[in-house]
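# Fold and geometry: a report
So you can see what is in the structure, the chains are spelled out below.
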Amino acid sequence: MTDWLEERGTERLKAAGDLVAALRDAPLGDPTALELWNDVSLALADASSVASLLAAVHPDPDVVARAERIEIETSGFATDLHLDREVFDRLSALDPDALDDGGRRVLTDALRTFRRSGVDRDEETREQVRELDQQLTELGQRFSRVIREGRRTTRVTAEALAGLPADFVEAHPADADGYVEISTDYPDTHPFLAYAHDRDARLAVARTFYDLGHPDNDEVLRELLDLRHRRARLLDYEDWPSFDAEVKMIGSGPAIAEFVDRISDAAADAGRRDLGVLLERAAQDGVEEIDLASSRYYLEAVKREHHGVDAQQVRRYFAFDRVHDGLLAVTARLFGVTYERVEAPVWHEDVTSFDVLLDGEPLGRIHLDLHPRASKYNHAAQFTLVPGVRGRQLPEGVLVCNFPRGLMEHRDVVTLFHEFGHLMHHTLAGRQDWVRFSGVSTEWDFVEAPSQMLEEWAWDADVLRTFATDAEGEPIPADLVARMREAEEFGKAFLVRTQMFYAALSYYFHLERPADLAARMLELYDAYSLVRPLPDTHFYAGFGHLEGYSSGYYTYMWSLVIAKDLFSAFDPAALFAPEVATRYRDAVLAPGGSADAADLVADFLGRPYDTRAFEAWLGR
Ligand SMILES: [Zn+2]
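This structure is a prediction, so every number in the text was calculated from the model and none was measured.

Bringing the overall build of the protein chain into the picture now. Per the secondary structure count, the protein chain includes 27 helices and seven strands. Taking 2.2 N^0.38 as the reference for a compact globule, 620 residues should give roughly 25 Å; the C-alpha atoms of the protein chain span a radius of gyration of 26 Å, in line with that estimate. In terms of overall dimensions, the protein chain has a C-alpha envelope of 80 × 60 × 50 Å along the principal axes. Buried positions account for 55% of the 620 residues belonging to the protein chain.

What tends to happen in soluble globular proteins is that the nonpolar side chains get buried as a cluster. Grouped together as the largest cluster of nonpolar side chains are 150 residues, with contacts concentrated most on Phe 192, Phe 318, Tyr 339, Phe 420, Trp 457 and Phe 570. Sort the elements by how many residues they give to this core and helix α21 (residues 492-512) lands first, with twelve residues. Within the second largest apolar cluster, 27 residues are counted, among which are Leu 19, Leu 44, Leu 94 and Leu 111.

Let us look at the coordination of the zinc ion. Bound to the zinc ion on the protein side are His 418 (NE2), His 422 (NE2) and Glu 448 (OE), at distances that span 2.1 Å. Of note, the donors binding the zinc ion are all from one chain and are spaced H-x3-H-x25-E. Of this pair, His 418 and His 422 both sit in helix α17 (residues 410-428), four residues apart, which is roughly one turn of the helix.

Relative to the elements of secondary structure, Thr 611 occurs in the loop between α26 (597-605) and α27 (612-619). Apart from the residues lying within four places of it in its own chain, the contact partners of Thr 611 are Arg 262, Ile 263 and Val 561.

Glancing now at the pattern of salt bridges. Two side chains bearing opposite charge may form a pair once their charged atoms approach each other closely. A full pass over the atoms with the stated rule returns 44 salt bridges. With its nearest N and O atoms 3.7 Å apart, the salt bridge here joins Asp 226 to Arg 513. Placement of Asp 226 in helix α10 (residues 216-234) and of Arg 513 in the loop between α21 and α22 (517-528) is noted, with a sequence separation of 287 residues between them. Judged by relative accessible area, Asp 226 falls into the partly exposed class, the value being 34%. Two residues, Glu 489 and Arg 620, come together in a salt bridge whose shortest N-O distance is 3.4 Å. Of this pair, Glu 489 sits in helix α20 (residues 478-489) while Arg 620 sits in the segment after α27, and the two are 131 residues apart along the sequence.

At a minimum axis distance of 6 Å, the contact between helix α8 (residues 186-195) and helix α14 (residues 295-307) shows a crossing angle of 60°. Considering the angle they form, α8 stands oblique to α14. The way α8 lies across α14 gives a crossing that is right-handed. Residues His 190, Leu 193, Ala 194 and Tyr 195 of α8 form the contact with α14, whose participating residues are Arg 296, Tyr 297, Glu 300 and Arg 304. Residue classes in the contact of α8 with α14 are distributed as four nonpolar, one polar and three charged.

Under the counting rule described, the total for this entry stands at two cavities of 30 Å³ or more. Residue lining of the largest cavity: Phe 335, Gly 421, Met 424, Pro 450, Met 453, Leu 454, Tyr 584 and Leu 589, and that is the complete set. A per-element tally of the lining of the largest cavity places helix α18 (residues 449-454) first, with three residues. Partitioned by chemical class, the residues of the lining of the largest cavity number seven nonpolar, one polar and no charged.

Definitions and limits used
Residues numbered from 1 in each chain as written. Predicted model: local features only at pLDDT ≥ 70, side-chain atom pairs only at ≥ 80, totals over all residues. Heavy atoms only, no water. Helix = DSSP H or I, 4+ residues; strand = E, 2+ residues; numbered from the N terminus. Rg over C-alpha atoms; globule rule 2.2 N^0.38 Å. Buried < 20%, exposed > 50% of the residue type's maximum accessible area, 1.4 Å probe, protein only. Core = buried A, V, L, I, M, F, W, Y, C linked by side-chain atoms within 4.5 Å. Donors = N, O, S within 2.8 Å, 3.2 Å for Na, K, Ca; no water. Contact = heavy atoms within 4.5 Å. Salt bridge = Lys/Arg side-chain N within 4 Å of Asp/Glu carboxyl O. Axes fitted to C-alpha atoms, helices over the stretch in contact; angles between N-to-C directions. Parallel < 35°, antiparallel > 145°, perpendicular 65-115°, else oblique. Left-handed = near helix turned anticlockwise from the far one by under 90°. Nonpolar A, V, L, I, M, F, W, Y, C, P; charged D, E, K, R; others polar. 1 Å grid on protein atoms, 1.4 Å probe; cavity = no way out; pocket = protein on both sides within 12 Å on 5 of 7 lines; lining within 4 Å. Points joined across faces, edges and corners; volume = space filled by probe spheres on them.

Shown next as structure tokens:
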């Protein structure tokens, strides 16, 4: 196991260094430079993959520490590489017309990455870019740190816990004066806002939560927005969103504004209908508006009262072992692959490994690490262990999740299907000549679409019947699945409007760098959200995604629009019909990043993607 870290980590990083030296020595115009570039990228990808995986999952703290060191080294290596003028010169001296399509695409992509690092600018500009990048990293970390460490609490009476689940109440005993503290951590605030009957207590908790990071982060955010703008202008981009969107499917800054408005309009009627239902329900309690203190509470109330789904009743059908086997059976049938259990060297006894075969040929290997344990990565994600390159190495991918060993919630089942979608994408797209395009390396705003689409199979009554059976072997009833779907879907247009408010804020703050952040936020609430803000609160100061997503918060909805369009090609009554499933596999997944996502999707659909399927789903 630790051999991996040595062979695929340390050794490969060393190899990357030797390959860069060889690339620097290559004569200008030498066509082998591009092969060398691919070798450098492959060595780096190997090293960073094994390091990020083991840092997240290995039970031995010494291995984790070594893996983290290699992670830092590989990322520093990549930064230096993209500022290496000699390497850039070797690549930019190549004649694109002498290359095949794949070679041209790799070259274009590499040169763009170099230019975005400022490698081709004068020394002064390069120095400024380097400085700005460093300041931006620090500011971003500071913004997140203020949120992380700025945890606040709200004191409410013990009676205000009425409506919350018993385990929540137990975990929040009253102090001597009969008060309870609710912190701004998600596991505290989210259930409280969703279930506490006491409107005034919800208001107090919401006021604290939506003011997290204020006022400290106001100044940090202003500087962050300012420096991002300067970073973009330095390389002659119009503004930060245009710089950021250049490498995404959406392509340009203004296209983000158009997308946000189009989706917001599409959700307007259904969103107002949802709001009407919420207001009607709130009126029964004498509450007259749906604000940040009430929106979650009434969404939950309507789901519960109108679509009564008992979570305990649902869990009976989702024993982990059956879900696991069912997932493999469903995906084998859908993608025409077979799985063969293998004993591979792994990092923990919980991990199971399978070879994936297509027409009897090995396609790659997957490892499933699905249960929680101490100090393991605590979300759900797909990790690359080995990127696949045709004729050189088969892809290996890993699912890292934290599911119970017994009965699962249905939402866990959906998550499992979602993450497995990334794993299939990684495996099926592992036969590229160029490592840059292997696996899930498509545009960042497309990468969720195949996974969002695979979630549909976890919501289909016929599919669920094949594995969701209770202890007596009774399959889950179709009418229960129908009610689960209704509950899930209530309020979707209302929530899409909230998402578009977040997306608009992330875009317009970067575009305009408003002097009065709070005033601009309120305007955007009015324009996009159907939820009323609370007076004198400052949501943006605690909106952590402004660090990672910067101006691109639209991406999740963007890929959902495409996922709905992709799914429209399938017949809901025949989800396994082989012709369309095979075409999807070969046209959309197998090419990885070797073509623009828009072209792959158009190839599959026989037309460019559009928003019709998404709009139909919204209005349903
Ligand atoms: Zn995902």
